[in-house]
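Fold and contact review
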Amino acid sequence: MVQYVGVGNVIELVKSIGIETFLLGLAEYIEDDFRRWNAFEKTPRLASHSKTGVIELMPTSDGEHYGFKYVNGHPTNPNVGLQTVTAFGVLSDVSTGYPCLVSEMTIMTGLRTAATSALAAKYLARPDARSMAIIGLGAQSEFQALAFRALLGIKRLQVFDIDIEAADKFLKNLADMDFDIVVAKTAEEAVAGADIITTVTADKRNATILSDNMVGAGVHINAVGGDCPGKTELQGDILRRADVFVEYPEQTRIEGEIQQMAPDFPVTELWQVITGDAEGRRSSAQITIFDSVGFATEDFSALRFLRDKIQGTAFYTELDLTTQPEHPRDLYGLFRQQPAAPAERSAA
């Protein structure tokens with residue numbers, strides 16, 4: 001039997017723990033796995049692109065467990081009442097090849113993306129950062145706000161979206177969360193005076209969400225939205241005067257903000273900063289960018305964290321996903337072991 005964590009299970013588990021406490025614990029798992037970066041098999045995600053979006057598989061293994069996530073990204077889905085991103089994941093035992101956990105990963109992707117963003121900012125933003133601008137108030141925005149408060153104590157939010165309904169949704173969802181929120185009329189107004197700028201738009205195109213003149217000294221930019229070929233959010237001049245940090249360069253050069261730059265454009269890997277092998281922020285005037293595209297180890301961390309948190313709880317069910325014949329080589333024997341269900345007869 002395989003443990004299965006559905007959407008309802010994740011919601012109830014997070015509510016039972018508290019979302020910010022959950023994000024803190026998840027960030028610890030992500031940080032631990034970045035610290036043992038060299039233990040993982042790594043490859044850019046396997047992507048199938050279409051005119052309307054992308055479907056991807058994100059696999060990795062640490063030699064003890066193997067994990068993968070199936071995820072899509074279809075920016076026009078909301079026009080027909082569907083989500084831009086949906087996902088599920090699997091964690092398996094390498095020694096046997098048997099899956100041990102199957103889980104929804106749509107909510108978990110929102111949580112792990114925000115936890116990773118805030119973790120990166122813990123190392124890259126100024127220690128005195130107190131305010132954050134968020135440009136793009138879609139499905140990820142509330143998670144970003146909560147993760148940055150949980151890990152960095154950020155309570156002042158300056159937000160903007162071209163869709164006023166998105167802003168209304170954001171305000172409604174965080175109404176009882178004790179944030180100081182200012183809804184700006186423009187992106188320029190949102191970033192004015194902000195210590196951290198998070199861009200998290202979904203449009204699948206090269207866009208200038210953030211232009212060079214909008215970014216002052218000392219700012220940390222959390223570039224979350226640029227995550228496929230042909231989609232960027234930052235003007236190239238910002239990248240040229242900043243220090244850029246990435247998860248896995250081979251993937252980020254295809255999908256991230258740095259796809260605009262030359263193949264040898266210098267970047268620093270986040271795991272090196274976390275382990276102390278490379279410098280992160282060096283001065284209060286330095287501009288830092290986390291060019292986040294999401295990497296398989298983060299989903300692996302999320303699956304590990306979820307597996308550990310559900311043990312001894314009611315927040316999962318069991319699936320007969322793998323066969324259990326009486327004799328391992330006698331798969332056909334299952335037809336003798338299990339009585340066949342009576343066939344339904346169509347009405348005469």
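What this report covers is the structure whose coordinates are included nearby.

Cut-off values and rules
Residues numbered from 1 in each chain as written. Predicted model: local features only at pLDDT ≥ 70, side-chain atom pairs only at ≥ 80, totals over all residues. Heavy atoms only, no water. Pairing = 2+ DSSP bridges. Helix = DSSP H or I, 4+ residues; strand = E, 2+ residues; numbered from the N terminus. Axes fitted to C-alpha atoms, helices over the stretch in contact; angles between N-to-C directions. Buried < 20%, exposed > 50% of the residue type's maximum accessible area, 1.4 Å probe, protein only. Contact = heavy atoms within 4.5 Å.

**Points about the sheet that holds strand 3 (residues 54-61)**
Strand order in the open sheet made by the 7 strands is 2-3-4-5-6-1-17, with mixed pairing throughout. With one partner strand each, in any of the chains shown, strand 2 (46-49) and strand 17 (317-319) form the two edges of the open sheet. Across the sheet, the axes of successive neighbouring strands diverge by a mean angle of 15°, strand direction being ignored. Judged from the 3 bridges that link them, strand 1 (residues 2-5) and strand 6 (residues 99-104) form a sheet pairing that is parallel. For Q3, the partnering residue across the bridge sits in strand 6 and is L101.

**Focus on the side chain of T198**
Following the sequence through the fold, T198 ends up in strand 10 (residues 196-199). Accessibility expressed as a relative area gives 0% for T198, which makes it buried. Residues contacting T198, with those up to four places away along its chain left out, are M132, A133, I134, I135, Q144, F148, N222 and V224.

**Some remarks on the sheet that holds strand 15 (residues 268-269)**
Across the sheet, 8 strands lie side by side as 9-8-7-10-12-16-14-15; this open sheet has parallel pairing. Edge strands, defined here as strands with exactly one partner in the open sheet, are strand 9 (180-183) and strand 15. The sheet contact formed by strand 8 (residues 156-160) and strand 9 spans 4 bridges and is parallel. In the strand pairing of strand 9, Q158 is matched with V182. Against the sheet, helix 4 (residues 141-152) makes contact with strand 7 (131-135), strand 8, strand 10 and strand 12 (220-223), and its axis sits at roughly 165° relative to strand 7, the strand it touches most. Its contacts with the sheet place helix 5 (residues 164-173) against strand 7, strand 8 and strand 9, and it is angled at close to 170° to strand 9.

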